[in-house]
Amino acid sequence: MQVHRVDAPGVPFPKGTDLLQVLWCPYAHGDFGNPLPQVHWRDAGAIGDVLPTPEPAAGLPEDWYPAACVVHPEQVTEYPSWDLPDDVYDALRDRFDTLLAETGMRYSYHLAEAPGIKLGGYPSWTQEPYWPDCEGCGSRMEHLLTVASWEFDGESWRTWLPEEDRADENDSGGLRWKGDAHNPAGLCLGDAGGVYIFECRMCPERPIERWFDCS
């Protein structure tokens, strides 16, 4: 994946860079056997000739190699769910109950973290949150990127599916989505899980860590 700074407002690019490139080796790595990412911050003006895209190697794990596609970034506002402090959740519990009773929507599914592949924001955890600490300085690392198997699920699509990807109502009265909007990258990581990439913004070299979880 590559994203230009102009298309990612709010993401702190290192000084002198305007292009983020994320690569990964799609073979199994580590205890969880998931892809191994690499993050490169670059100056787009210093890039020379662009080489042809290599063909995928033979024997890659099925569904671990993303399909070629064009990224159209969209900025959204989201809020923590798993990471919401207990005292804040308790203070908002009545409002969450009212929301569910009046609209049928749950805070965690429909208003909190955006699901799917995303840059920045809060991780949309499938299991308990895991925030790694930087081995260099000891500070908690920041969420940089989530690469997820699905862009939404059977509930979250109600608010997070873009309007342009929605189809007409089907016979049962529910909305459908167009084409491959549910999984445009063609990925299935574990049991529909995701790879989270974190970085330390305190260290000049911006070291990264990864975490994988699934249902």
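Quick caveat, the model's predicted, so the values are computed rather than measured.

Trainee: Account for the sheet that holds strand β2 (residues 19-29), with residues named and values stated.
Mentor: Sheet architecture is open: three strands sit in the order β1-β2-β3, paired in antiparallel fashion. Strand pairing shows two members of the sheet lacking a second neighbour, β1 (2-4) and β3 (34-42), which therefore form its edges. Adjacent strand axes in the sheet meet at a mean angle of 15° when their direction is disregarded. The sheet contact formed by β2 and β3 spans eight bridges and is antiparallel. Residue Trp24 lies in a different strand from β3, and its bridge partner there is Pro37.

Trainee: Would you mind going over the pattern of salt bridges in detail, with residue names and values included?
Mentor: In this structure the tally under the stated criterion is five salt bridges. Asp90 serves as the salt-bridge partner of Arg93, at 3.0 Å between the closest nitrogen and oxygen. Taken as a pair, Arg93 and Asp90 lie in helix α1 (residues 86-103) at a separation of three residues, close to a single helical turn. The partly exposed category is assigned to Arg93, whose relative accessible area is 37%. Among the ionic pairs, Glu199 bridges to Arg201, the shortest N-O distance being 2.8 Å. Residue class for Glu199 comes out buried when judged on its relative accessible area of 1%. In the salt-bridge network here, residues are joined through shared partners; they are Glu199, Arg201 and Arg206.

Trainee: A description of the sheet that holds strand β4 (residues 118-119) should follow, citing residues and the corresponding values.
Mentor: The strand order β4-β5-β8-β9 describes an open sheet built from four strands, whose pairing is antiparallel. Among the strands making up the open sheet, the edge pair consists of β4 and β9 (208-213).

Trainee: I'd love a proper account of the packing of aromatic side chains, names of residues and values included.
Mentor: Counted by the stated rule, this structure contains ten aromatic pairs. On the numbers, 4.9 Å between centres and 75° between planes, the contact of Phe13 with Trp41 is edge-to-face. Taken together, the residues span a long stretch of sequence, with Phe13 in the loop between β1 and β2 and Trp41 in strand β3 at a distance of 28 residues. Given a relative accessible area of 12%, Phe13 falls into the buried group. Each residue in the set Trp125, Trp131, Tyr196 and Phe198 is aromatic and connected to the rest through ring pairs, giving one cluster. Arg140 extends its terminal NZ or CZ atom over the ring of Trp131, reaching a point 3.9 Å from the ring centre. Looking at Arg206, its charged tip hangs above the ring of Trp41, at a distance of 5.0 Å from the centre.

Conventions adopted
Residue numbers run consecutively from 1 along every chain, following the written order of its sequence. With the structure being a predicted model, the display of local features is reserved for residues of pLDDT at least 70 and the display and counting of side-chain atom pairs for 80 or more, all residues being used for whole-chain, interface and lining totals. Remark: hydrogens and water are excluded; side-chain values derive from all non-hydrogen atoms of the structure. Here, a strand pair is defined by DSSP locating no fewer than two bridges between the strands. Here a helix means four or more residues in a row that DSSP labels H or I, a strand means two or more in a row labelled E, and each is numbered from the N terminus. In this description, a line fitted to the C-alpha atoms serves as the axis of each element, helices being fitted only across the stretch in contact, and the angle between N-to-C directions of two axes falls anywhere from 0 to 180 degrees. Note on definitions: salt bridges are taken to be side-chain nitrogens of Lys or Arg within 4 Å of carboxyl oxygens of Asp or Glu. Whether a residue is buried, partly exposed or exposed follows from its accessible area with a 1.4 Å probe, protein chains only, as a fraction of its type maximum: under 20%, in between, or over 50%, in that order. When two rings of Phe, Tyr or Trp (its six-membered ring) have centres within 6.5 Å they constitute a pair, described as stacked for plane angles under 30 degrees, edge-to-face for angles over 60, and tilted for the intermediate range. Think of it as a cone above the ring: NZ of Lys or CZ of Arg counts as a charge over the ring if it is within 6 Å of the ring centre and within 35 degrees of the ring normal.

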